[in-house]
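Coordinate inspection notes
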Amino acid sequence: MLLTFSALMILAHRPDMAINQRHFESNWESLGHYTAPKWFRDAKFGIWAHWGPQAVPEEGDWYARNMYIEGSKQYEAHLKAYGHPSVHGYREIIDQWHAERWNPDELMQMFKAAGAKYFFSMGVHHDNFDLWDSKFHRWNAVKMGPHKDIVGGWQRAAKKEGLKFGVSEHLGASYNWWYSSKGADTSGPMKDVPYDGNDPTLQDLYHPMPTDKDLPWYTTNDAWHKEWFQRVNDLISSYHPDILYSDGGVPFGEYGRQIIATLYNQGPGRVYLAKDLGSGAFERGAFIEDRERGGAEGIQDLPWQVDTSIGDWFYNKHWPYRKADWVLKTLIDTSSKNGNMLLNVVLRPDGGIDPEVKMLLDDLALWMNVNGESIFGTRPWITFGEGPTRVKSGSFREDYPFSEKDVRYATKGSQTLYATLLGPVSNQRVNLVSLSKGRVVKGVVKAVHLLGVSRPLSFTHDERGLSVQVPKNDSRFVTVLKITCSDVRAFKPPAPVEPPQRVFDLNGGTISMSPVDARLQGALSYEDRSGEPNLAYWFNESDSASWKVKVASPLKVRITSQWANLEPSEISISVVQGSQIQTVTRNLDSTGDWGAFRLLDFGELDLPQGECQIVVKPVPQHWKPINLRGLKIEVLP
């Protein structure tokens, strides 16, 4: 292809276009030449409608699968609301999804005002229901349910507001995810009556039963690989999205690579997102990494994205919503480390939003109107920030206790540095140690402003840092200082120091130790569920949590906690002081739901004089994932 001189000049001024004009082939060597487009790096913030038929029961994520798991919370809710899944299956939930109040234009205006630079539509979830006019699948939103082109409606609204448009596909895992529909009750009046997933006329919805070797996240069945390719190719060829997201690693070898190449070849600036979770392929640099409900410890060398939600993934009447301050702190921490944030804004089954969601969007819009320049179009500084709170890298790690003592930095150009204090600060003096003067520091601070205030702030700049008097102001969530420098790169921030673990003094009575105070090993993280933190994502038997306790003299104590799980498991607790270890184990029956917590009594243990570690960890070979709340230690007479 020959380019005119004018076209060459345009590409010279738009290097991201030039890079992505190449023709990509479906191999990693070719895809490895991909570079994240500038628009994505500038955008920082997207909003996702993780929405579909599973919103109808108002019982949260993975409803379609869990309603077929006897004893689970969603199974019980389905029995009560609809009847037994042998007769009243998920296909009836699809029929009841009408999306009658869905107004994509009105919602998109709110999303844009809240700061979103790109928008994601659900394309197909694990429930195998396509939200577009699918050419290859009769179970789709145009032919059934709302009888509307959901993807097309979102796309038109996003384009109207000037937002980039993305779609998510979760189909790859659907072939194994649906195996629960093939079962039957093991007890009670409907024992051994097959669920409707066994109906031979419905196998194009529920899929045939996978084999044992299929049961990890992605199927090994080549016929299903071809079906996945056919439908996802139909999705991206029909709507030409700017972004495509797969819920896992790149699926199915050559089929997945061909989808990426097809997407990239549709035009410059396309983005493909996938996860490094051990499922499917993951080739750094060939696409952008997505981390579900996760984060990064420090500045990442390649752009990345975190996807998270203001509540459950699908509408859940039991799950409270996040507030604007949580969203902003997570976004700012992510952006300071070269990442973007994709936020699921939970829609009701009818397509409307709850008043609390409207309030959150309004709060974001007010903050963005004043402070958005500190996020959009910025790049990481020499250091991501300072303060006591440390984020761990990976997925399924969020809910960190950020405060005004935590600072995150971002730059724009060579002379502007933004310092965001992750909490409201009013009429206080703030010292930024990352801007300390020294022999090797050539940078000069010329002015400091509080965003939204025209008058410059008074400051001092010496070897202890940049000290700024922040006046009384109306910052409700986080406070942003705009620092004008001679050269933002002419500083040498000190290396961050790992904060010491909290030590609990126990001399009598009862103390409660939160998951937030634990030292976590491995991928274990903590989350906020029903307004109370708990340890979650405990998938690996090598992961552990520990708390530090100090006593003046030996004590006998009782230690209790609360747990929730889906499958029986076994856990141990140990009191560790040097080489002395005291351990007890407990069997954990299934509680039926991740939010159904029961009392866990570890019984009586002896605490030795001095400091010791209370360590909770799995019992190998008997471990299945659990959620665990903090520990309660009661001193016994």
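First, a word on what this report is: a plain description of the structure on this page. Here the structure is a predicted model, which is why all the values come from computation and not from measurement. (Residues numbered from 1 in each chain as written. Predicted model: local features only at pLDDT ≥ 70, side-chain atom pairs only at ≥ 80, totals over all residues. Heavy atoms only, no water.)

Further remarks concern the packing of helix H12 (residues 222–239) against helix H13 (residues 254–265). Between H12 and H13, whose axes approach to 10 Å, the crossing angle comes to 10°. Of the possible angle classes, the one that applies to H12 and H13 is roughly parallel. Along the contact surface, H12 presents Asp-222, His-225, Lys-226, Trp-228, Phe-229, Val-232, Asn-233 and Ile-236, while H13 presents Tyr-255, Gly-256, Gln-258, Ile-259, Thr-262 and Leu-263. Across the contact of H12 with H13, the residue classes break down as seven nonpolar, five polar and two charged. (Axes fitted to C-alpha atoms, helices over the stretch in contact; angles between N-to-C directions. Helix = DSSP H or I, 4+ residues; strand = E, 2+ residues; numbered from the N terminus. Parallel < 35°, antiparallel > 145°, perpendicular 65-115°, else oblique. Contact = heavy atoms within 4.5 Å. Nonpolar A, V, L, I, M, F, W, Y, C, P; charged D, E, K, R; others polar.)

What follows deals with helix H9 (residues 150–160). For H9, the tally of buried residues reaches eight of 11 residues, placing the bulk of the element in the interior. When we look at burial in H9, the residues that qualify are Ile-150, Val-151, Gly-152, Gly-153, Trp-154, Gln-155, Ala-157 and Ala-158. Buried residues along H9 sit against strand E1 (45–49), helix H8 (104–113), strand E2 (118–124), strand E3 (164–169) and H12. The opening residue of H9 is Asp-149, an N-cap whose side-chain oxygen sits 3.5 Å from the backbone nitrogen of Val-151. The positive-phi residue at the C-terminal boundary of H9 is Gly-162, with phi of around 75°. (Buried < 20%, exposed > 50% of the residue type's maximum accessible area, 1.4 Å probe, protein only. Polar contact = N/O pair within 3.5 Å; in protein donor to acceptor, adjacent residues only side chain to side chain.)

Below, the discussion takes up the sheet that holds strand E13 (residues 445–450). Taken in spatial order, the five strands make up an open sheet running E9-E10-E11-E16-E13, and their pairing is antiparallel. Two strands in the sheet have a free side with no partner beyond their single neighbour: strand E9 (385–386) and E13. (Pairing = 2+ DSSP bridges.)

Bringing the pattern of salt bridges into the picture now. As enumerated under the stated definition, the model contains 34 salt bridges in all. Of the charged contacts, one joins Arg-379 and Asp-42 as a salt bridge, the two residues approaching to 3.0 Å between their closest N and O atoms. In this pair, Arg-379 sits in the loop between helix H15 (355–371) and E9 while Asp-42 sits in helix H4 (residues 38–43), placing the two residues 337 residues apart along the sequence. In this structure Arg-379 comes out as partly exposed when scored by relative accessible area, which is 21%. (Salt bridge = Lys/Arg side-chain N within 4 Å of Asp/Glu carboxyl O.)

Take the pairing of strand E14 (residues 459–462) next. Pairing geometry for E14 and strand E15 (residues 465–470), over four bridges, is antiparallel. Paired with Phe-459 across the two strands is Val-468, which belongs to E15. Remark: two residues form the turn of the hairpin made by E14 and E15, two consecutive strands paired antiparallel.

The subject of this paragraph is the side chain of Thr-330. Its location among the elements puts Thr-330 in helix H14 (residues 324–335). Relative accessible area serves as the criterion here: at 12%, Thr-330 is assigned to the buried category. At 2.9 Å, the side chain of Thr-330 and the backbone oxygen of Trp-326 are in polar contact.

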